[in-house]
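An overview of the molecular structure
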2 protein chains.
Amino acid sequence: MIGDWTERFQGTARLPRAVRDRLIKVARVTHMSEGTQVFGPMNVPDSLFFLYEGRIRVVQRSDMGRDIVLYRVDAGESCVLTTACMLAEEAYEAEGIAETDITAIALPKAAFDRLVAEEEAFRAFVFAAYSRRLIDLLRVVDDVAFGQMDVRLAARLLALAGDFKEVTATHQHLASELGTAREVVSRILQDFQKRELIAQSRGRIALLDKPALRDIAAAE
Amino acid sequence: MIGDWTERFQGTARLPRAVRDRLIKVARVTHMSEGTQVFGPMNVPDSLFFLYEGRIRVVQRSDMGRDIVLYRVDAGESCVLTTACMLAEEAYEAEGIAETDITAIALPKAAFDRLVAEEEAFRAFVFAAYSRRLIDLLRVVDDVAFGQMDVRLAARLLALAGDFKEVTATHQHLASELGTAREVVSRILQDFQKRELIAQSRGRIALLDKPALRDIAAAE
DNA sequence: TGCCTTCAGTGACATTGTCACTCAACATGC
DNA sequence: GCATGTTGAGTGACAATGTCACTGAAGGCA
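This structure is a prediction, so every number in the text was calculated from the model and none was measured. (Residues numbered from 1 in each chain as written. Chains lettered and ligands numbered in written order. Predicted model: local features only at pLDDT ≥ 70, side-chain atom pairs only at ≥ 80, totals over all residues. Heavy atoms only, no water.)

1. Here's the deal with the overall build of chain A
Rules: Helix and strand assignments follow DSSP, with helices taken as H or I runs no shorter than four residues and strands as E runs no shorter than two, numbered in order from the N terminus. Working rule for contacts: check all heavy atoms of both residues, and any pair within 4.5 Å makes them a contact. Only the protein chains shown count as covering a residue, and every accessible area follows the Shrake-Rupley method with a 1.4 Å probe.
Counting its secondary structure elements, chain A contains eight helices and ten strands. Within chain A, contacts between residues at least 6 apart in sequence are counted, and of these 70% link residues at least 24 apart. With the model as given, the accessible surface of chain A reaches about 10200 Å², and the carbon-plus-sulfur share is 50%.

2. Focus on the confidence of the model for chain A
To keep it simple, the criterion reads: For every residue, the predictor reports its confidence as pLDDT, a number between 0 and 100.
Of all residues in chain A, 88% attain a pLDDT of 70 or more, and the chain-wide mean is 86. Every residue in residues 1-6 of chain A is under pLDDT 50, and counting partners more than four places away or in other chains gives 17 contacts.

3. Thoughts on the protein's contact with DNA strand C
Here is the rule we go by: Definition of nearness: a residue and a molecule or strand are near each other if at least one heavy atom of the residue lies within 4 Å of the molecule or strand. Residues adjacent in sequence count toward polar contacts only when both atoms are side-chain atoms; beyond that, a polar contact is any pair of N or O atoms within 3.5 Å, and within protein one must be able to donate a hydrogen and the other to accept it. Polar here means any residue other than Ala, Val, Leu, Ile, Met, Phe, Trp, Tyr, Cys and Pro, which are nonpolar, and Asp, Glu, Lys and Arg, which are charged; Gly is therefore polar.
Within the structure, DNA strand C sits among 16 residues, and His171, Gln190 and Arg202 of chain A together with Met149 and Thr180 of chain B are positioned closest to it. Of what DNA strand C places within 4 Å of the protein, 56% of the atoms are sugar or phosphate. One nitrogen or oxygen atom from the main chain of His171 of chain A is found 2.8 Å from a phosphate oxygen belonging to DNA strand C. Between DNA strand C and Gln190 of chain A, the relevant distance is 2.7 Å, taken from a phosphate oxygen to a side-chain nitrogen or oxygen of the residue. Every element with two or more residues in the surface near DNA strand C is listed here: helix 7 (182-194) of chain A together with helix 7 (182-194) of chain B. The dominant element in the surface near DNA strand C, judged by the number of residues it contributes, is helix 7 of chain A, at four residues. Here the surface near DNA strand C is composed, by residue class, of two nonpolar, seven polar and seven charged.

4. Points about the interface of chain A and chain B
Cut-off, in case you're wondering: Once two parts are brought into contact, the accessible area they lose, counted with a 1.4 Å probe and summed over both, makes up the buried area. Think of a salt bridge as a Lys or Arg side-chain nitrogen and an Asp or Glu carboxyl oxygen that are within 4 Å of each other.
With 43 residues of chain A at the interface, the matching set in chain B holds 43 residues. Carbon and sulfur atoms supply 72% of the area buried between chain A and chain B, which totals about 3800 Å² over both sides. Inspection of the chain A/chain B interface yields two salt bridges. The shortest N-O distance in the salt bridge between Asp113 of chain B and Arg123 of chain A comes to 3.5 Å. Looking at the side of chain A that touches chain B, the elements that each hand over two or more residues are strand 4 (55-61), strand 5 (67-74), helix 2 (80-88), helix 3 (109-118) and helix 4 (120-146) of chain A. Ranked by residues supplied to the side of chain A that touches chain B, first place goes to helix 4 of chain A with 18 residues. Looking at side-chain class alone, the side of chain A that touches chain B contains 25 nonpolar, five polar and 13 charged residues.

Written out as structure tokens, the structure is:
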């Protein structure tokens, strides 16, 4: 059942069967439950993680209470920040939190090294993963440095909602997504509510007018 | 004279002579003068750059006039953002600008691939470079999202001054370093001046009290 | 029903960003 | 020297965002 995990991997670099088979041999499958800290400053892994099932949220945490979500690792992707940390052996402050129950595949460093050396497809996959995260972070920098908060909030609501019409999140959660304060989120949501773009109840936000929200989010 | 370039490379992964010799064979040496755009959205390189001499400033540019410096590439380092871009083939908005005259070594993609496959030291070097930049970007996100402007400005002044007592930069330049507006920099520098931490003249800032500035910068 | 915890709303204020200017410092040509 | 143009810096008013100290509402539970 784990045998087909590589088929889930996205991006330009799908791994062929031969690579997949080699991976399976050396990998250890691990499970973690929702809310677990997968990695963090105090919790540096000695293996490289590939996510088979579930989702990880990677968060930058400030000395004060504020957080900001850097990106999410979905099933089929690799979490290169752990790799980065392992290889650079530098301090960093980001932490990864299991947003659902997860199944991950841990690849010991030596095995990783050998695969990178010997399998071109694997190499391409790893580099693509790195590149993707670098570009994700560029996006975050752009948003935080130059983006307006209402724009960012509208975009985040739409992203969190997906195909649904409702988001289950407190104002505090949304603030921690965007790296701002709860009061700021409250203010902007009030405004959205007055304009009848959303309806609020405790812990839930109904998106009444997605097209209008998309307009706001597009002003980026 | 270029033969010893690998010796300059920093970090955990210095390249041994064998790797170095292979590199020299396939690399093309290029020169660019100060102010040239080394790479950018409209100017995607087809090779991987290793900087032999000089410095490159990597800047994120917003749709409005504002900029922010992401990091600098010094002699002996590699510019992985170009790599990232090449491999991911995704759009990005950052651009690299030669801050001095530079000498770079361009490695065609095929040669890069072969070296990564065959030379463990080179592989380690490349991964370390990626990791370093990821961590640099985490730092930028942290600064922009949670840092106070006076703290960031004090830190940047000290960094730009190095061992000297004076910084040659306009308020606009400093604003573009930090991703803020000129007026904000002016205000804060006024304050520093009133407190006799600096002295200003057109285009130059003398750091009168570095220890005090360091105190301010340390409040990060 | 009466507490208790968590979530959301509010007003005052500080910091930062934006806009529309003015003035000062240098460069250049006469 | 002087007139003029260009660039760098200062200023005040205002908007957006962040911080603080609250209040009150919603839901859980004994």
